[in-house]
Amino acid sequence: AIAKLNSMRAQSTTGFHMCNSILMQTALLNNEYVQQQQEFCMSELFEELGLNSDQRIFFDSNCTDKLVTDKSLVSNILYQAVQNALIHGAKDRKICLEANRIGQTQLCVTIWNQKGDNHEKLLALHGYAPLLAQKSATLMAAGIGGAHSTFLGLSEMQSAAAAFSPPGQLTLTPDEDGVTFELRIVVDFIVPAQVSVCESLPYDLVFACC
């Protein structure tokens, strides 16, 4: 029963994000997308995307700081990238998902998957060079990807990354063992207010040394 419920949840989550992706891409293509800044943390986003319950995902690290950016853009890019890794990576291996704070203003999300069935074709097409803004049609023509996926839909994800202010950086780099996806964006991190000792202690408190 639990397995069936998890399956139903995964299907509904997939359908929801596919609809959101289509609506977002339409708005981006028509220059009608309006950024919406939201406060959230990456663990919350992982939960909303249904990633925490996926046994094939290994969380190498997690940025626990609250941040402010366009949550819909991050969600759209991250969901597509994770699905690509799950579908086209090694089926019997986990993918590695990592979210890290870089310096004071940068968020870096990395997804790595071990090589799958299409890996040799991918290397033959582009070697070890990063794939930027590759159209799905180009890869389909080379026999990579399938009709039921958004494999390497970097042209769509790049348009979403470009909608950040400033634009985000997105790369997909194959190596001998697998593929690394990376998204870097500038965000506002929420720093908890620091309460000084003077403010937190009563003014008439006396310390006695024995």
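In this text, all values refer to a predicted model and were calculated from it rather than measured experimentally.

Colleague: Explain the pattern of salt bridges to me, please; I cannot follow it from the model alone.
Modeller: For side chains of opposite charge, pairing can occur when their charged atoms come near one another. Using the criterion set out here, one finds five salt bridges in the structure. Across the pair Asp 65 and Arg 101 runs a salt bridge, and its minimum N-O distance is 3.0 Å. Here the residue Asp 65 occupies a position in the loop between strand S2 (57-61) and strand S3 (67-70), and Arg 101 occupies one in strand S4 (residues 95-102), the gap between them amounting to 36 residues.

Colleague: Is there a simple way to think about helix H4 (residues 119-126) in this case?
Modeller: Because the α-helix completes a turn every 3.6 residues, residues three or four places apart line up on one side. Listed as buried for H4 are His 119, Leu 122 and Leu 123. The buried residues of H4 occupy an angular sector of 95° when the element is viewed end-on, so they sit on one face. Opposite the buried face of H4, by more than 90 degrees, sit the exposed residues Glu 120 and Ala 124. Where the residues of H4 are buried, they touch strand S6 (169-174) and strand S7 (178-186). Gly 127, located one to two residues past H4, shows a positive phi value of around 65°.

Colleague: Looking at this structure, I do not really get the environment of Met 157. What am I missing?
Modeller: Within the secondary structure, Met 157 is located in helix H6 (residues 154-162). The exposure class assigned to Met 157 is buried, which follows from its relative accessible area of 1%. Each C-alpha atom of the pair Met 157 and Leu 183 lies 9.9 Å from the other, and the pair is 26 residues apart in sequence. Residue contacts for Met 157: discarding those within four places in its chain leaves Ile 77, Gln 80, Ala 81, Asn 84, Leu 170 and Phe 181.

Reading guide: rules and limits
Residues numbered from 1 in each chain as written. Predicted model: local features only at pLDDT ≥ 70, side-chain atom pairs only at ≥ 80, totals over all residues. Heavy atoms only, no water. Salt bridge = Lys/Arg side-chain N within 4 Å of Asp/Glu carboxyl O. Helix = DSSP H or I, 4+ residues; strand = E, 2+ residues; numbered from the N terminus. Buried < 20%, exposed > 50% of the residue type's maximum accessible area, 1.4 Å probe, protein only. Arc of directions from axis to C-beta. Contact = heavy atoms within 4.5 Å.

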